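# Coordinate analysis (summary)
Okay, here's what each chain looks like letter by letter:
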Amino acid sequence: MARRILIAGNWKMNKVQSDGLALVEDLVGRVKGEGAAKFDMLVCPPFTLVSKACEAAAGSAVAVGGQDCHMNEKGAHTGDTSAWMLADLGCSYAIVGHSERRTDHAETNEQVRAKAEAAHAAGLIAIICIGETLAEREAGRTIEVNRTQLLGSLPDGATADNTVIAYEPVWAIGTGVVATPDQAQEVHAMLRAELVSAKGQGTADAMRILYGGSMNPKNAAELLALPDVDGGLIGGASLKADDFWAVAQGCP
Ligand code: 13P
């Protein structure tokens, strides 16, 4: 089953207008120059830059997404941004349940699922993030933790068209310690099998599962070649066009 590779950049709380928009414009130019690219490309800037990033990427093959969204469409939620607001700007994706949100904002699986449902209702593709901590891995709980997060965060209405899963082992995020190919493939294969049980073979075969955590130009090709790795959710290496582009060139 051919799943199209997704190369997604999560800028986190980085960049201002000057360097952020230059990065989008640079990537738009590179994707255009590539012609029929082997991958989909996505950038998820901080909320302050989403509007201008959407303008800079309009009409190009570079998609723009939010790093989070609220579970409600609108209302008294000071400081929050709804999925409908992201869609209104031209976004096509929203990351939900990133481990930094789960940790910094105590987001639960139930809340992550509600956010993914909101993203779907607003017409966005939800990238649902899951992953175990180092303590959980060392306690032999990797499979159990990821299975629980997947099944707890996945909306009933999730399809291969509206949902992407991102496996991001917390110990690999921003540490320079990347999962080995065996570690990544083991979890991705388990997630695929769980998707078969939850959603059926067709959906499981078509749904993309990204790897995230210290992916960089040196290790990308090996990870992207794994049978159940369908792209990357990239933090640090998405902040420089040369690095992000080099990761994308690792596509098989
Ligand atoms: P790094 O690529 O910086 O490890 O971050 C990964 C990540 O958290 C992407 O969402």
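A few points on the structure. (Residues numbered from 1 in each chain as written. Predicted model: local features only at pLDDT ≥ 70, side-chain atom pairs only at ≥ 80, totals over all residues. Heavy atoms only, no water.)

As a further point, take helix α7 (residues 142–153). With twelve residues, α7 extends 16 Å from end C-alpha to end C-alpha; this agrees with the ideal 16 Å at 1.5 Å per step. Within α7, the full set of buried residues consists of T142, V145, N146, Q149, L150, G152 and S153. (Helix = DSSP H or I, 4+ residues; strand = E, 2+ residues; numbered from the N terminus. Expected span 1.5 Å × (residues − 1). Buried < 20%, exposed > 50% of the residue type's maximum accessible area, 1.4 Å probe, protein only.)

The next subject is the pairing of strand β4 (residues 93–96). Burial along β4 is two-sided: Y93 and I95 facing one way and A94 and V96 facing the other are all buried. Across two bridges, the pairing between strand β3 (residues 62–66) and β4 is parallel. Residue pairing in the sheet places G65 in a bridge with Y93 of β4. Handedness of the β3-helix α3 (residues 83–89)-β4 crossover: right-handed. (Pairing = 2+ DSSP bridges. Right-handed = clockwise from strand over helix to strand, strands pointing away.)

On to the packing of helix α1 (residues 17–34) against helix α2 (residues 47–57). Look at α1 against α2: their axes get within 9 Å of each other, and the N-to-C directions meet at 30°. The angle between α1 and α2 places the two elements in the roughly parallel class. With respect to the hand of their crossing, α1 and α2 are arranged in right-handed fashion. When α1 is examined against α2, the residues Q17, G20, L21, V24, E25 and V28 are found in contact with a partner set consisting of L49, K52, A53, A56 and A57. When grouped by side-chain class, the residues that make up the contact of α1 with α2 number seven nonpolar, two polar and two charged. (Axes fitted to C-alpha atoms, helices over the stretch in contact; angles between N-to-C directions. Parallel < 35°, antiparallel > 145°, perpendicular 65-115°, else oblique. Left-handed = near helix turned anticlockwise from the far one by under 90°. Contact = heavy atoms within 4.5 Å. Nonpolar A, V, L, I, M, F, W, Y, C, P; charged D, E, K, R; others polar.)

Right, let's get into the site of the ligand. The full set close to the ligand counts 13 residues, and K12, H98, G174, S214 and G236 are the nearest of them. Separating an oxygen atom of the ligand from a backbone N or O atom of G235 is a distance of 2.9 Å. In isolation the ligand offers 310 Å² of accessible surface; the protein chains occlude 95% of this area. (Near = heavy atom within 4 Å. Polar contact = N/O pair within 3.5 Å; in protein donor to acceptor, adjacent residues only side chain to side chain. Areas by Shrake-Rupley, 256 points an atom, 1.4 Å probe, with all protein chains shown as cover.)

Take the sheet that holds β3 next. Taken together, the eight strands give a closed barrel; going around it, the order is β1-β2-β3-β4-β5-β6-β7-β8, and neighbouring strands pair in parallel fashion. Ignoring strand direction, the axes of neighbouring strands in this sheet form an average angle of 25°. Relative to β3, strand β2 (residues 39–44) runs parallel, the two being bridged by three bridges. The residue of β3 that forms the bridge with V43 is V64. Those strands touched by α1 are β2 and β3, and its axis lies near 175° from that of β2. Strand contacts of helix α8 (residues 181–199): β5 (125–130), β6 (163–167) and β7 (208–212), with the helix running at about 150° to β7, the strand carrying the most contacts.

This model, assessed by the stated rule, comprises 17 salt bridges. Residue R192 pairs with D228 through a salt bridge whose shortest N-O separation is 2.8 Å. Taken together, the positions of R192 in helix α8 and D228 in the loop between α10 (220–224) and β8 (231–234) put the pair 36 residues apart, joining distant regions of the chain. For D230, the salt bridge goes to R192, with nearest N and O atoms at 2.8 Å. With a gap of 38 residues between them, D230 in the loop between α10 and β8 and R192 in helix α8 connect regions that are remote in the sequence. Of the two residues, D230 and R192, neither departs from the other in class, the shared state being buried. What emerges from the salt-bridge pattern is a single network uniting R3, R192, D228 and D230. (Salt bridge = Lys/Arg side-chain N within 4 Å of Asp/Glu carboxyl O.)

Before going further, it helps to examine the environment of A83. With respect to the helices and strands, the residue A83 is situated in helix α3. Along the sequence, A83 and E73 sit ten residues apart, while their C-alpha atoms lie 6.9 Å from each other. Ignoring anything within four residues of it in the chain, the contact list for A83 reads C69, H70, A118, A119, A122 and L124.

Inspection of every chain in the model, using the stated rule, returns two aromatic pairs. With a centroid separation of 5.7 Å and 75° between ring planes, the pair formed by F39 and W245 is classed as edge-to-face. Of this pair, F39 sits in strand β2 while W245 is found in helix α11 (residues 241–248), placing the two residues 206 residues apart along the sequence. Just as F39 is buried, W245 falls in that class too. A ring pair is formed by Y167 and Y211, whose centres lie 6.3 Å apart and whose planes are at 65°; its orientation type is edge-to-face. Placement of Y167 in strand β6 and of Y211 in strand β7 is noted, with a sequence separation of 44 residues between them. The two residues Y167 and Y211 agree in class, both being buried. (Phe/Tyr/Trp six-rings, centres within 6.5 Å; stacked < 30°, edge-to-face > 60°.)

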